[in-house]
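Summary of structural features
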Amino acid sequence: MAEPESGMGENYDASALAGFLAVAVEAAKGAGEIIRKGFYQTKHVEHKGQVDLVTETDKACEELIFNYLKKHYPCHKFIGEETSAALGVFELTDEPTWIVDPLDGTTNFVHGFPFVCVSIGLTIGKVPTVGVVYNPIIEELFTGVLGQGAFFNGNPIKASSQNELIKALLVTEVGTKRDKETVNDTTNKINKLLYKVRSLRMCGSLALNFCGIACGRLDLCYEIGFGGPWDVAAGAVIVREAGGHVFDPSGGDFDLMSQRAAASNSHLKDAFIRELNKSE
Ligand code: MG
Ligand code: MG
């Protein structure tokens, strides 16, 4: 379990935080039902960018989650991927803020590849405090609450104990930009890192990649230039509560709003940062 950081989270006791988690899990389960139904049907796909997809399921899930959370917490703040896509700017304040990716892994969803999830995070004092990541297709529920541990389908989880980079499993993604410079940067980095680790996975969901670090089936994760805070708000607290680290790929502090994130178990952080910096 991570030491609770100083922040407004201190104003909420353990049972208040557990209450937030219970409501978030209910919201995630509700959205999960929509995803499960849509998964086996023909999808109506729209493009947000050249390869960045959105479906009616993304939008329906965000609506369901926001309605549910707002009914319970009308005074809290809300940031959602699809609302932000429609309305533009958003800012993160110290207020309790629900940060929601109603469907992470939309490309997987469209292709029927079963790594899709709902990601619901709550920040208090800008610190990720409650996290729920739920894959309704293969029934995997990851949860974490600051100071209360991380769980996978109700059982406590820990990041891996691997301490050799060459035996580590790395996960990253190639993002949604297809200009030559971005693609070259991304693939050059992967090229250099591949000589240092055992192998590489791209599972198509940063939220689930973070949960993979938390439960120890992946050892190292980074992504630069992903969609927004909704991809990592929940995963960050789950990784930390599982004893893993969340940080900026440069080695600096993790900034939820920066669209840059890395995570690792507790043993490989420094070695991973060295290799990430060499691969610049
Ligand atoms: Mg999404
Ligand atoms: Mg996403």
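What comes next is a walk through the structure.

1. Describing the layout of surface pockets
One way to see where empty space is left: roll a probe the size of a water molecule over the atoms. A volume near 820 Å³ is recorded for the largest pocket. Along the wall of the largest pocket there are 34 residues; nearest its centre are Asp52, Thr107, Gly175, Thr176 and Gly204. Elements that contribute at least two residues to the lining of the largest pocket include exactly strand 2 (53-55), helix 3 (81-87), strand 4 (97-104) and helix 4 (106-111). Looking at the lining of the largest pocket, the element that brings in the most residues is helix 3, giving four residues. Of the residues that constitute the lining of the largest pocket, the class distribution is ten nonpolar, twelve polar and twelve charged.

2. Looking at the packing of helix 6 (residues 206-215) against helix 7 (residues 233-241)
Taken N-terminus to C-terminus, the directions of helix 6 and helix 7 make an angle of 5 degrees; their axes are 8 Å apart at the nearest point. The angle between helix 6 and helix 7 falls in the class roughly parallel. Here Phe210, Cys211, Ile213 and Ala214 of helix 6 come into contact with helix 7, specifically with Gly235, Ala236, Ile238 and Val239. When grouped by side-chain class, the residues that make up the contact of helix 6 with helix 7 number seven nonpolar, one polar and no charged.

3. Some details on the coordination of the magnesium ion (ligand 2)
Distances from the magnesium ion (ligand 2) to its protein donors, Asp101 (OD), Asp104 (OD) and Asp231 (OD), fall within 2.1 Å. Written as a sequence motif, the donor residues of the magnesium ion (ligand 2) are D-x2-D-x126-D. Its relative accessible area of 0% is what places aspartate 101 among the buried residues. You can call aspartate 104 buried: its relative accessible area is 8%.

4. Quick look at the environment of leucine 276
Within the secondary structure layout, leucine 276 lies in helix 8 (residues 269-278). Take leucine 276: its relative accessible area is 1%, and that puts it in the buried class. Through-space distance from the C-alpha of leucine 276 to that of aspartate 13 is 38 Å; in sequence the pair is 263 residues apart. When sequence neighbours within four positions are dropped, the list of residues in contact with leucine 276 reads Lys189, Leu193, Tyr222 and Pro249.

5. Details of the sheet that holds strand 12 (residues 220-224)
Pairing within the open sheet is mixed, and its five strands lie in the order 11-10-12-14-13. Strand pairing shows two members of the sheet lacking a second neighbour, strand 11 (199-201) and strand 13 (245-247), which therefore form its edges. Strand-to-strand, the axes of this sheet are offset by a mean angle of 20 degrees, without reference to chain direction. Pairing geometry for strand 10 (residues 169-171) and strand 12, over two bridges, is parallel. Along strand 12, the bridge assignment pairs leucine 170 with leucine 220.

6. Focus: the environment of valine 118
Within the secondary structure layout, valine 118 lies in strand 5 (residues 117-124). Look at valine 118 and you get buried, because its relative accessible area is 0%. Aside from chain neighbours lying at most four places away, what touches valine 118 is Ala28, Ala31, Gly32, Ile35, Ile65, Asp101, Pro102, Val132, Val133 and Tyr134.

7. Looking at the coordination of the magnesium ion (ligand 1)
In an ideal tetrahedron of four donors about a metal, each angle is 109.5 degrees. In an ideal octahedron of six donors, the angles are 90 or 180 degrees. Ligation of the magnesium ion (ligand 1) by protein atoms is provided by Glu81 (OE), Asp101 (OD) and Leu103 (O), these donors lying 2.0 to 2.3 Å from the ion. Mapped onto the polypeptide sequence, the residues donating to the magnesium ion (ligand 1) form the spacing pattern E-x19-D-x1-L. For the pair the magnesium ion (ligand 1) and the magnesium ion (ligand 2), the metal-to-metal distance amounts to 3.5 Å, and aspartate 101 bridges them.

What counts as what
Residues numbered from 1 in each chain as written. Chains lettered and ligands numbered in written order. Predicted model: local features only at pLDDT ≥ 70, side-chain atom pairs only at ≥ 80, totals over all residues. Heavy atoms only, no water. 1 Å grid on protein atoms, 1.4 Å probe; cavity = no way out; pocket = protein on both sides within 12 Å on 5 of 7 lines; lining within 4 Å. Points joined across faces, edges and corners; volume = space filled by probe spheres on them. Helix = DSSP H or I, 4+ residues; strand = E, 2+ residues; numbered from the N terminus. Nonpolar A, V, L, I, M, F, W, Y, C, P; charged D, E, K, R; others polar. Axes fitted to C-alpha atoms, helices over the stretch in contact; angles between N-to-C directions. Parallel < 35°, antiparallel > 145°, perpendicular 65-115°, else oblique. Contact = heavy atoms within 4.5 Å. Donors = N, O, S within 2.8 Å, 3.2 Å for Na, K, Ca; no water. Buried < 20%, exposed > 50% of the residue type's maximum accessible area, 1.4 Å probe, protein only. Pairing = 2+ DSSP bridges.

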